Amino acid sequence: MVKRWQPSQWAGLIPNGIGSVKPNHYKELLSTIWENKDQLPLAWRILNDGVCDGCALGTTGMRDFTMTGIHLCTVRLNLLRLNTMGPIKERRLTNVRDLSNHSGKDLRNLGRLAHPMIRKKGEPGFTRASWNEALDLIAGRIRITDPQKLAFYITSRGVTNEVYYAAQKVARFLGTNNIDNSSRVCHAPSTTGMKDTLGVSASTCSYSDWIGTDLLILAGSDIPNNQPVTTKYIYYAKQQGTKVLTLNVHKEPGLERYWVPSVMESALFGTKLTDQFFLVHTGGDTAFINGVLKYLIEQDWIDHKFIDNHTNGFPEMKAALEAQSWEHLEAYSGTSKSDMVEFATIYSRARTAVFVWSMGITQHRFGVDNVKALVNLALSRGMIGREKCGLMPIRGHSGVQGSAEMGAVPWNFPGGAPIDEPNAQAIAQTWGFPVPSKRGLTSVEVIDAAHKGDINILYSVGGNFLETLPEPQFVQESLERVPLRIHQDIFVTPQMLLEPADTVILLPAQTRYEQTGGGTETSTERRIYFSPEIPGRRIGESKPEFDIFLEIAKRSKPEIANLIQFQDGQAIRNEIAQTVPSYKGIEHLHEKGDAIQWGGPLLCKDGLFPTEDNRAKFTPIAPPEVTIPIGHFLLSTRRGKQFNSMVQADHDPLTGAQRSDIFIHPEDATQLGIREGDAIKVISEVGEMSGTCTMMNMKQRNIQVHWPEGNVLLKRGATDPLCGIPDYTAIVKVIPAN
């Protein structure tokens, strides 16, 4: 795979980029060893034998199916301590006021939850309880609760497919479809947009298609931060001649150049990752993509044969583009026609192309339209269903790809069947008990319902709504109005410490590596990995997560408890193979290295799409009218040194920024009369935050703040009507703090 060194791709001549703003991978490796020094054998077994619980690239031990080298990154290393640390001291939870000023990181560092804990209204903190006491209390409340006022939420904190499946089955056994997962706030637009246009809701290609494709297009994604090993994929891709284009609001330093620590050439001299950046306004992606496609059509640089034989809707989409003036496309995208022409020209010369995108595309009230615009662009040149071609919504959570496929969503049953009466009856015949046919609430809708007093029980597996949703004060009020909150987790989070409306229960869960008999996860490329049970110490009375769900179900409905039995994880996999046809073969995964890729390396192969007529669909998309009032800016949120909402450090080694830094273009700062390092304030319609002026290579009239801190600036209620994702952007003013 490795060819001769290519000096033209080097980031510089200084060995390992000494003195540059960049991660120090070797220092982080040593820090991880030191942090886990009390459990080094266990830490090694987790790394060497387990499936990574970080992002969704997927590994078996420290290997993958894309390249021959080592697959290990700082994301995984930074999460390792969560799997090796000891239990929290119970006395730390007896008075939660003592923890009120602790950050999420401080709370995690207190240790693992070891025993069930209960806190009643008016009590200063939690008291240890037995499993029987906790489970009986929960079951008793469920029995007297209207199922429509019961809701489940499951994040992707190492959660396995078996847990997702058991959780959604238990929810329906208890009479509700109110179950959702963390993809609601990340890739819900991707699954919705792709399903509607292509008939599939997952990546159509594999990571190996990156390596050797003519063109790799990264849209709204900072993969060196969120999926660092992709930089190694890109290194190998550029060895094969791949050209990389990046569409974003910020010229991310990590996408400009990166030192891949496990490749000697890159470790020494770095690698230029992106060949050309195209900076657009926040929310200007569709306008830019439409401009590119408009020019492709004008120049007849499209694949007529593919369009005629494998798609519908091209004439309507073309007419919609013809009605969009270049002046409007330039204004809404924040770019020039010449930029769109240049992008189109490069794309037209590519025989193959892979599109990769993330939150910069999806976290908008028009996220689905953004995704459909990308689909239009790919379809126009037949870049789907062929080797080295495809569409890939890259995931940031290790287990989240499988969440919806297992049915842990309010709108679909396992396998993707929409929730309606016929499908409810069909799955009821399989399961042997009645299944509700009313569509459930999304996690965002649950928080709104809780604020109105319409949720009596909220069962959260992992997650922290306080740090993931807009207007955190409203979220706090909602959570504090739920009579019974159940938090099933491995460590303490801030939302557990909120005042009980009546009762809060903490249930200690085991990690994926402790799950009896092992389990599976599904990666972005649809590869289902078996992660074996890792021998080592177990924490207190923690239990496998699917066992907890099943025990609650049995106690809630003892008269039909025999209908919700799973002897072990293998039994769950056996049933998954029956109810989710695409997962056929999961029942044969038993040990390290076992994996299958549902659908094979390519979906929609040879232009055959799993739709009613086997054709894909073009969609006429009007670009959002992105306008910036005088004296205002477009705001978006960004990640620093963190894993999703779990902040791991104040300093981001990729940008050199602190959590309080506010990114702004130098010319915008000059016009405001502020300098680098000045204290400034950002004011939105619903909130304000203070920070430090930090000049970055941004699109002008746009600023970025770190997430989740920036949630105070985001207005609740603005969601994509097709998928329910909140809008994580805002129009703001920036003023000197004084």
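Our subject in this report is the structure included herewith.

Rules used in this analysis
Residues numbered from 1 in each chain as written. Predicted model: local features only at pLDDT ≥ 70, side-chain atom pairs only at ≥ 80, totals over all residues. Heavy atoms only, no water. Pairing = 2+ DSSP bridges. Helix = DSSP H or I, 4+ residues; strand = E, 2+ residues; numbered from the N terminus. Axes fitted to C-alpha atoms, helices over the stretch in contact; angles between N-to-C directions. Contact = heavy atoms within 4.5 Å. Buried < 20%, exposed > 50% of the residue type's maximum accessible area, 1.4 Å probe, protein only. Phe/Tyr/Trp six-rings, centres within 6.5 Å; stacked < 30°, edge-to-face > 60°. Lys NZ or Arg CZ within 6 Å of the ring centre and 35° of its normal. Polar contact = N/O pair within 3.5 Å; in protein donor to acceptor, adjacent residues only side chain to side chain. Patch = residues over 30% accessible without salt bridge, like charges linked within 9 Å, V, L, I, M, F, W, Y side chains within 5 Å. Areas by Shrake-Rupley, 256 points an atom, 1.4 Å probe, with all protein chains shown as cover. Salt bridge = Lys/Arg side-chain N within 4 Å of Asp/Glu carboxyl O. Core = buried A, V, L, I, M, F, W, Y, C linked by side-chain atoms within 4.5 Å. Arc of directions from axis to C-beta. Parallel < 35°, antiparallel > 145°, perpendicular 65-115°, else oblique. Left-handed = near helix turned anticlockwise from the far one by under 90°.

**Considering the sheet that holds strand β12 (residues 390–393)**
Pairing is parallel in the open sheet, where five strands are placed in the order β9-β6-β5-β11-β12. Edge positions in the sheet fall to β9 (276–279) and β12, since each has one partner strand and no second. Within this sheet the neighbouring strands show an average axis-to-axis angle of 15°, counted without direction. The sheet contact formed by strand β6 (residues 243–248) and β9 spans four bridges and is parallel. Looking at the pairing, T246 lines up with F277 of β9. Packing of helix α17 (residues 337–349) onto the sheet brings it into contact with β5 (215–219), β6, β9 and β11 (353–357), and relative to β9 it is tilted by some 140°.

**Observations regarding the pairing of strand β14 (residues 484–489)**
Burial analysis of β14 places six of its six residues in the buried class, which makes it a mostly covered element. The alternating pattern of β14 places L484, I486 and Q488 on one face and R485, H487 and D489 on the opposite face, and all of these are buried. Direction of pairing for strand β13 (residues 457–461) relative to β14: parallel, over a ladder of five bridges. Following the sheet pairing, Y459 is matched in β14 by I486. In terms of strand pairing, β14 meets strand β15 (residues 503–508) through six bridges, oriented parallel. In the sheet register, L484 faces β15, and the bridge partner there is T503.

**With respect to the packing of aromatic side chains**
A full pass over the atoms with the stated rule returns 24 aromatic pairs. Their ring planes at 90° and their centres at 6.1 Å tell us that W210 and Y233 sit as a pair that is edge-to-face. Highlighted residues: W210 in the loop between α8 (188–198) and β5 and Y233 in helix α10 (residues 230–239), separated in sequence by 23 residues. Y233 matches W210 in its accessibility class, with the two residues each being buried. Measuring from ring centre to ring centre gives 5.3 Å for F314 and F618, while their planes differ by 70°; the resulting arrangement is edge-to-face. Taken as a pair, F314 in helix α15 (residues 314–322) and F618 in the loop between β19 (616–617) and β20 (633–638) lie far apart in primary sequence, 304 residues in all. Residue class for F314 comes out buried when judged on its relative accessible area of 13%. Judged by relative accessible area, which is 2%, F618 ranks as buried. The ring of W34 carries K37 above its face, with NZ or CZ at 4.1 Å from the centroid. Positioned above the aromatic ring of W411 is the side chain of R184, whose terminal nitrogen or guanidinium carbon lies 4.8 Å from the ring centre.

**A look at the side chain of Q510**
Locating Q510 in the fold gives a position in the loop between β15 and β16 (519–522). Given a relative accessible area of 9%, Q510 falls into the buried group. A polar side-chain atom of Q510 sits 3.1 Å from the main-chain carbonyl oxygen of S542.

**Some thoughts on the pairing of strand β23 (residues 661–664)**
Alternating positions in β23 separate into two faces, D661 and F663 on one and I662 and I664 on the other, with burial throughout. Here β23 runs beside strand β25 (residues 688–695); their pairing, made up of four bridges, is parallel. In the sheet register, I662 faces β25, and the bridge partner there is C693. Judged from the two bridges that link them, β23 and strand β26 (residues 702–706) form a sheet pairing that is antiparallel. Bridge pairing in β26 links I664 to I703.

**Some remarks on a nonpolar patch on the surface**
On the surface, a cluster of nonpolar side chains totalling about 340 Å² of accessible area is made up of L29, L30, I33 and L40. Here the nonpolar patch takes three residues from helix α1 (residues 25–35), the largest share from any one element. When you line up the elements, L29 lands in helix α1.

**A closer look at the sheet that holds strand β1 (residues 117–120)**
The seven strands lie next to each other as β2-β1-β15-β14-β13-β3-β4, forming an open sheet whose pairing is mixed. At either end of the open sheet lies a strand with only one pairing partner, and these are β2 (127–128) and β4 (179–181). Across four bridges, the pairing between β1 and β15 is antiparallel. Within β15, the residue paired with K120 across the bridge is T503. Against the sheet, helix α6 (residues 131–143) engages β1, β3 (150–154), β13, β14 and β15, with an angle of about 130° to β15. Sheet strands in contact with helix α7 (residues 161–173) are β3 and β4, and its direction is about 155° off that of β4.

**Brief notes about the nonpolar core**
Across soluble globular proteins, nonpolar side chains show a tendency to be buried alongside one another. Of all hydrophobic cores here, the largest spans 112 residues; its most connected members are L198, F355 and L507. Dropping the residues within four chain positions of it, L198 is found in contact with T204, V375, L379, I384, L391, C604, F609, P610, T611 and A616.

**Observations concerning helix α21 (residues 421–431)**
Listed in full, the buried residues belonging to α21 are A424, I427, A428 and W431. Buried residues of α21, viewed axially, fall in a sector of 110°; they line one side. Relative to its buried face, α21 has exposed residues pointing more than 90 degrees away, namely P422 and Q429. The inward-facing, buried residues of α21 abut α7 and α25 (569–579). Its side-chain oxygen placed 2.9 Å from the backbone nitrogen of N423, D420 serves as the N-cap of α21. Positive phi shows up at G432, right after α21, with a value of about 90°.

**Digging into the packing of α6 against helix α24 (residues 545–556)**
Contact geometry of α6 with α24 gives a least axis separation of 8 Å together with a crossing angle of 55°. As summarised for this structure, α6 and α24 are arranged oblique, according to the angle between their axes. Read as a crossing pair, α6 and α24 show a hand that is right-handed. Contacts from W131, N132, L135, D136, I138, A139, I142 and R143 of α6 reach α24 at I548, E551, I552, R555 and S556.

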